Amino acid sequence: MVWDMHVETVPELCNPTLWRYKGEGNANVILALRSPHGRFGGVVLRLRKGGVLMHGEQQTPEMPSFLISYTRDVLVPLFGNQYTGETKLLQVTPEFLQSLAEAIEPFRPAKRRHAGIDIHQEFALLMPDYTVFTSSAGVTLAVELKPKWGFLPTSSFIKPENSVKRLTCRTCMHQHLRRMQGDQTEEIIDYCPLDLFSCDESRLRKSLPQLIKLAGNKFKLFIQGEKIDIGQDGWHTRLNEFFQITDDPVNDSHQSNTLYQALIDLLIKAIANERGLFDRLRYLQKTLDSLDIEGIYMLDLIQQGQLLEPKLEEWKKTVELYLQRTQETSHMPAGPLALKDMTLDEQRQLLYEFLLSTTLKDCSVMFSFRKPDDNSDSTLSGSLFNSDDVKRLEVGNFLDHVEYRAKLLDLDPKPVTKLPYYFNLDTEIVKCYQKRELPRECCE
Ligand SMILES: O=P(O)(O)O[C@@H]1[C@@H](OP(=O)(O)O)[C@H](OP(=O)(O)O)[C@H](O)[C@H](OP(=O)(O)O)[C@H]1OP(=O)(O)O
Ligand SMILES: Nc1ncnc2c1ncn2[C@@H]1O[C@H](COP(=O)(O)OP(=O)(O)OP(=O)(O)O)[C@@H](O)[C@H]1O
């Protein structure tokens, strides 16, 4: 129900010239305000694309409000409310969306252009722009990480011929399939999410440079809201705007290296400080995926194509039962026979849990950093969203300490209709990886 949500009807925001392209994923386009606009400083607009495979309910006008309820009733019980952001609805018109779609087209990467903004959506999502601090006068440095799968599956439903899954993590194996499928730009990079999830300093020191090299959707760096690619012209000068390591123009490799190391050091500290978040994310990914897709795919409800897209109430119940189960000694089904004994409700529970796990395997963590002296709270008082909630981080090095915020992004539910795709993809990933003689041993 849309009307019990807080809907912003702000005609002045429906002016396409106010917005600039900020980024996009497979399913949504993100626009940022060109400059602070009254109480709407530091805000992004998240617009659904048309024609992409999505959650069934996303096809209806109520979907944006569904996402807000989903965050409140499903994600907050799993993570607490510290990491999930605030969201509001903005009423939009087809004319406004059409103008935006035309204006952003030149800025969009070719690989995303197969689907554009769905101009028939009635509401867009307004969210804080997590790459800037609205209450600060200084420069914000933001880093977005998409860690992917943080665990090795242990399910008894994994067939012996697929046992490599217990040794090599999904992300490490997947890049080989991508490479084989013709993505020659995708160099095999030695980034293993399990190193990131370990939050261990020496493993982070090894894996962060790999993640930075991987870039794409796995590592993004923003200075004052603008995306910077490490290696692009002038990247070090932009990074220096935050670290202020030198007053001179940054023009030698020693200075660039110093800035790069300062970035790595900062990230290591921040990730270690957020060990609780990474541990929780990994724990939820793993325990919500207790059967592995191989077990999930054996369930009658899937075999007979009878699973419906969950409504909000069903998502809520799924989380309640999951939290109950993980607090008790759990008895998970251990073999195909046990699956046969399961009621339809029990099957549904595991299927929806699996979908929740899939969302958490695909979300991003956005860190935003600012220097404490930059905090001049008055700039945008009365802004649309609550004030910035920050934590203090001792850094040592060039910066004594900084303030930062960590948020989870892209926590949308995954559709039931994607389950057969997940099974086929899993089969293909394993088949492709098994051609290698020596599997990598990923370490949890
Ligand atoms: O299957 P994966 O692991 O490749 O994940 C897909 C992502 O690929 P990635 O490996 O992160 O580059 C993929 O990201 P890109 O399109 O590659 O940026 C999407 O996030 C996709 O989710 P959805 O279809 O938009 O809901 C993701 O699909 P889901 O598996 O999360 O449904
Ligand atoms: N609130 C925000 N503040 C700043 N940047 C954001 C925000 N939300 C999204 N972005 C940027 O836009 C990008 C795409 O957004 P999002 O992840 O929501 O798209 P998506 O289509 O759902 O992604 P996916 O391909 O994973 O399904 C993000 O990776 C991030 O860089």
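Please refer to the structure placed before this passage.
We now turn to the structure provided with this report. All of these numbers come straight from a predicted model, not from anything done at the bench. (Residues numbered from 1 in each chain as written. Chains lettered and ligands numbered in written order. Predicted model: local features only at pLDDT ≥ 70, side-chain atom pairs only at ≥ 80, totals over all residues. Heavy atoms only, no water.)

## Some remarks on the overall build of the chain
- In terms of helices and strands, the chain carries 14 helices and 12 strands.
- Its C-alpha atoms give the chain a radius of gyration of 22 Å, within 12% of the compact-globule value 22 Å for 444 residues.
- Overall size of the chain, expressed as C-alpha extent along the three principal axes, is 70 × 50 × 45 Å.
- By residue count, 55% of the 444 residues in the chain fall in the buried class.
- For the chain, long-range pairs separated by at least 24 residues make up 76% of all intrachain contacts whose partners lie at least 6 apart in sequence.
- For the chain, the accessible surface area stands at approximately 20000 Å², while carbon and sulfur atoms represent 50% of it.
- On the chain, the mean spot of the 53 positive side-chain charges and the mean spot of the 62 negative ones are 3 Å from each other. (Helix = DSSP H or I, 4+ residues; strand = E, 2+ residues; numbered from the N terminus. Rg over C-alpha atoms; globule rule 2.2 N^0.38 Å. Buried < 20%, exposed > 50% of the residue type's maximum accessible area, 1.4 Å probe, protein only. Contact = heavy atoms within 4.5 Å. Areas by Shrake-Rupley, 256 points an atom, 1.4 Å probe, with all protein chains shown as cover. Lys, Arg positive; Asp, Glu negative; His and termini not counted. Charge placed at Lys NZ, Arg CZ, Asp CG, Glu CD.)

## Focus: the site of ligand 2
- If you check the shell around ligand 2, you find 22 residues, and the closest are Asn26, Ala27, Asn28, Glu144 and Asp410.
- Here a nitrogen atom of ligand 2 and a backbone polar atom of proline 128 are 2.9 Å apart.
- A distance of 2.4 Å separates an oxygen atom of ligand 2 from a polar side-chain atom of glutamate 144.
- In isolation ligand 2 exposes 620 Å². Once the protein is present, 92% of that is buried.
- Of all the secondary structure elements, the ones that give two or more residues to the shell around ligand 2 are strand 2 (19–24), strand 3 (28–33), strand 4 (43–48), strand 6 (123–128) and strand 8 (219–223). (Near = heavy atom within 4 Å. Polar contact = N/O pair within 3.5 Å; in protein donor to acceptor, adjacent residues only side chain to side chain.)

## Things to note about the environment of serine 163
- The residue serine 163 is located in the loop between strand 7 (141–145) and helix 3 (170–180) in this model.
- Taking C-alpha positions, serine 163 is 38 Å from lysine 49, a pair spaced 114 residues apart along the chain.
- A polar contact is formed between the side chain of serine 163 and the backbone oxygen of proline 160, at a distance of 3.1 Å.

## Digging into the pairing of strand 6
- Burial runs high along strand 6: 6 of the 6 residues are buried.
- The side-chain alternation of strand 6 yields two buried faces, one formed by Phe123, Leu125 and Met127 and the other by Ala124, Leu126 and Pro128.
- The pairing of strand 4 with strand 6 spans 4 bridges and is antiparallel. For valine 44, the partnering residue across the bridge sits in strand 6 and is methionine 127. (Pairing = 2+ DSSP bridges.)

All quantities given are derived from atomic positions and should not be read as evidence of function.
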